[in-house]
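Summary of the model geometry
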Amino acid sequence: MPRHPSAMDEPRVSVTLFVNGRRRDVDVPACATLLDVLRDTLGLTGAKRGCDLGACGACTVLSDGRRVNACLALAASQEGRDIVTIEGLARDGALHPLQATFVAHDALQCGFCTPGQIMSAVGLLAESPSPEAGELPARMSGNLCRCGSYDAIIAAIAETAGLRT
Amino acid sequence: MIPFDYLRPTDAGEALSALGEPGSMALAGGTDLLPLWKRGVLRPARLVDISRLPWQAVEGAPDGVRIGALARLSDAAAHPEVRRRVPLVATALEASASPQVRNMATVGGALLQRVRCPYFRSQDLPCHLRTPGSGCAARDGLHRRHAIFQTEGPCIAAHPSDLAVALTALDATVRLRSPRGVRTRPVAALWRASVEAALKPDELVESIFISEAVARSTYLKVRDRAAFDFAVVSVAAVASLEGGVVRSVRLAAGGVAGWPWRLRASEAALVGRSLPAARAEAAALAAEGASPGAQNRFKAPLLVRVVARALEQLEAAP
């Protein structure tokens, strides 16, 4: 059965990822980003496609424990990595502490940037478990919120980090 | 978006020969390459993923610090040898990009990143860099963020790399590897008065070496917003002082020319004099020879003030 020429020409790669603790073997276009695979192949739509250029942070996930922009990572280059998305954060029905403080501080309006904000904050606290309150905005500078919920977002992270604000 | 093929060679030899094939481009962190591909500016037939080659280590040597070209910006900035012996490098890296990008981008990529000119980064607008001979749309268009020195050439984009400016002030060297062997060049020689680095298609940056000297250093970066932005103007300053007198000094500026811009007239005005006494005169000389456009005239006086402030910081630096 002949296939569409462009589909035939498009080089593909086999990639193994460990997403939210589960092994996923996927066969995807060589030019697919990690974000493409998470959203379109695996159906994990928590990571959002905002700018798709690494400027907004809405696609932030953890790769081997470190926060990255999934839109800037080629899926093939992530071979063998542990990926954590917002869907993998809660444990046994209990919210991750950052999810709980985001709720408590009402740290969102439209919510589009929230999965990226929370994953970025998880990465921040892994990099720096006891940050100074004053350095939180710069350490969250990779995430934009066009509703302007920055104060509440920073307050939620500060509370999770045990800082008084 | 035009599809490409993907290859992950297991050693440098295999990677270099794959890069010799027409249409190949090296992929390291991908933070600059992928946006350029998505916008149709770069059209690789094949990406050669070099990110797992063993060039990620940061090592202290008796005479300096060597940073593998594939070290992530966040790893290089956090490394104790870098922080203790060449803190200017850590400061410049921490002033770069966002936390997410610093976890992905490599130091080699930070050096070789392409200019931020919006005309270069759109496939639809005239740009000499993208299509030689098509002219420069920035010259009569938006050029507030562009160069103010050496603007008579075909491209007026400003150099974007914080790291390259710091390494120029530190007189660091790069080790380049190609199928023909290894060569070592000063970082500053990568650009040879061009906005594009003078690397062969099958040549890779393998590592960066910064020789340690007893010196004070500082990096001052002025941006439109306080984080996650490229420099409007930045200055890296490295100096040795003896009894308050400047023995040697190197000053490099970013955002003002197509490559890291040495401020040689300012340096000459400082050597052999006390820093506070020579500061204002040295700073004023920084803008000599500037030829800005209508929208970026402000950069000349801004550069003078950033140099003055950087020299003040240098005086106070340990």
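Quick caveat: nothing in here was measured; it's all calculated off a predicted structure.

Calculation rules
Residues numbered from 1 in each chain as written. Chains lettered and ligands numbered in written order. Predicted model: local features only at pLDDT ≥ 70, side-chain atom pairs only at ≥ 80, totals over all residues. Heavy atoms only, no water. Helix = DSSP H or I, 4+ residues; strand = E, 2+ residues; numbered from the N terminus. Rg over C-alpha atoms; globule rule 2.2 N^0.38 Å. Buried < 20%, exposed > 50% of the residue type's maximum accessible area, 1.4 Å probe, protein only. Contact = heavy atoms within 4.5 Å. Pairing = 2+ DSSP bridges. Axes fitted to C-alpha atoms, helices over the stretch in contact; angles between N-to-C directions. Polar contact = N/O pair within 3.5 Å; in protein donor to acceptor, adjacent residues only side chain to side chain. Core = buried A, V, L, I, M, F, W, Y, C linked by side-chain atoms within 4.5 Å. Salt bridge = Lys/Arg side-chain N within 4 Å of Asp/Glu carboxyl O. Parallel < 35°, antiparallel > 145°, perpendicular 65-115°, else oblique. Left-handed = near helix turned anticlockwise from the far one by under 90°. Nonpolar A, V, L, I, M, F, W, Y, C, P; charged D, E, K, R; others polar. Buried area = accessible area lost by both parts, 1.4 Å probe. 1 Å grid on protein atoms, 1.4 Å probe; cavity = no way out; pocket = protein on both sides within 12 Å on 5 of 7 lines; lining within 4 Å. Points joined across faces, edges and corners; volume = space filled by probe spheres on them.

A few points about the overall build of chain A
What chain A contains, in helices and strands, is six helices and five strands. Each helix (α) and strand (β) of chain A, taken in turn from the N terminus, gives the series α-β-β-α-β-β-β-α-α-α-α. For 165 residues, the compact-globule estimate of 2.2 N^0.38 gives 15 Å, and the C-alpha radius of gyration of chain A, at 17 Å, lies within 12% of that figure. Expressed as lengths along the three principal axes of its C-alpha atoms, the size of chain A is roughly 65 × 30 × 25 Å. Counting over 165 residues, chain A shows a buried share of 50%. A separation threshold of at least 6 residues defines the contact pool for chain A, and within that pool the share at least 24 residues apart is 53%.

Some remarks on unusual backbone geometry
Backbone phi values are negative for most residues with the exception of glycine, while trans is the configuration of most peptide bonds. Residues and elements named next belong to chain B. Positive phi outside glycine occurs at arginine 192, with the angle close to 40°. For arginine 192, the location among the structural elements is in the loop between β7 (181–186) and β8 (204–211). You can call arginine 192 exposed: its relative accessible area is 56%.

Notes on the sheet that holds strand β2 (residues 22–29) of chain A
Strand pairs in the sheet, formed through backbone hydrogen bonds, run parallel or antiparallel to each other. All names here are of chain A. The sheet built from five strands is open, its strands ordered β2-β1-β5-β3-β4 with mixed pairing. Every interior strand has two partners, whereas the edge strands, β2 and β4 (66–69), have only one. For this sheet the average axis-to-axis angle between neighbouring strands, irrespective of direction, equals 40°. Pairing geometry for strand β3 (residues 60–63) and strand β5 (residues 82–84), over two bridges, is antiparallel. When the sheet's bridge partners are listed, leucine 62 is paired in β5 with valine 84.

Considering the side chain of threonine 85 of chain A
Residues and elements named next belong to chain A. Of note, threonine 85 is situated in the loop between β5 and α3 (97–104). You can call threonine 85 buried: its relative accessible area is 1%. In this structure the side chain of threonine 85 is engaged in a polar contact, spanning 2.6 Å, whose partner is the side chain of glutamate 87. Setting aside chain neighbours within four positions, we find threonine 85 in contact with Val19, Asn20, Leu38, Leu44, Val61 and Met119.

Overview of the nonpolar core
With 123 residues, the main nonpolar core has Ile67, Val89, Leu111, Leu167 and Leu303 of chain B as its most contacted residues. Within the second largest apolar cluster, 22 residues are counted, among which are Ala107, Cys113, Leu124 and Leu136 of chain A.

Focus on the pattern of salt bridges
What the rule picks out here adds up to 29 salt bridges over all chains. With a shortest N-O distance of 3.0 Å, lysine 38 of chain B and aspartate 52 of chain A are connected by a salt bridge. Note that lysine 38 of chain B is positioned in helix α2 (residues 33–38) and aspartate 52 of chain A in the loop between α2 (34–41) and β3, a pairing that runs across two chains. Accessibility classification places lysine 38 of chain B together with aspartate 52 of chain A in one group, the buried group. Arginine 279 of chain B is the partner of glutamate 315 of chain B in a salt bridge, and the nearest nitrogen-oxygen pair spans 2.6 Å. Of the two residues, glutamate 315 of chain B is situated in helix α11 (residues 299–316) and arginine 279 of chain B in helix α10 (residues 275–285); the sequence distance between them amounts to 36 residues.

Section: the packing of α3 of chain A against helix α4 (residues 114–127) of chain A
Residue and element names in this part refer to chain A. The N-to-C vectors of α3 and α4 enclose an angle of 130°; their axes lie 10 Å apart at closest approach. Looking at the two axes, α3 sits oblique to α4. Of the two possible hands of crossing, α3 and α4 adopt the one that is right-handed. Taken together, the residues of α4 that come into contact with α3 (itself represented by Leu98, Gln99 and Phe102) are Thr114, Gln117, Ile118, Ala121, Val122 and Leu125. When the residues that make up the contact of α3 with α4 are grouped by side-chain class, the tally is six nonpolar, three polar and no charged.

Describing the interface of chain A and chain B
Taken residue by residue, the interface counts 33 residues in chain A and 29 residues in chain B. Carbon and sulfur atoms make up 59% of the area that chain A and chain B hide from each other, which totals about 2400 Å². Three residues, Leu53, Arg66 and Leu72 of chain A, lead the burial of chain A against chain B; their summed loss comes to 25% of the area buried on that side. Counting across the chain A and chain B interface gives two salt bridges. The salt bridge involving aspartate 75 of chain B is made with arginine 66 of chain A; its shortest N-O contact spans 3.1 Å. Those elements that provide at least two residues to the side of chain A that touches chain B are β4, α4 and α5 (136–139) of chain A. With four residues, the top contributor of residues to the side of chain A that touches chain B is β4 of chain A. Its residues placed into classes, the side of chain A that touches chain B shows 14 nonpolar, 11 polar and eight charged.

Overview of the sheet that holds strand β1 (residues 5–7) of chain B
Residues and elements named next belong to chain B. As summarised here, the arrangement of the three strands in space is β1-β3-β2, forming an open sheet in which the pairing is parallel. Single-partner strands in this sheet number two, and they are β1 and β2 (24–27). Taken over all neighbouring pairs, the strand axes of this sheet differ in orientation by 25° on average, direction set aside. The pairing of β1 with strand β3 (residues 46–49) spans three bridges and is parallel.

Here we look at empty space enclosed by the protein
Residue and element names in this part refer to chain B. Enumeration over the complete set of coordinates arrives at two cavities of 30 Å³ or more. Its volume calculated, the largest cavity comes out at about 60 Å³. In terms of lining, the largest cavity is formed by 14 residues, of which the most central are Cys117, Cys127, His128, Cys136 and Cys155. When the residues that make up the lining of the largest cavity are grouped by side-chain class, the tally is 12 nonpolar, two polar and no charged. If you add up the space inside the second largest cavity, you get close to 30 Å³. Lining the second largest cavity are Leu176, Arg183, Arg185, Ala189, Leu190, Arg192 and Ala198.

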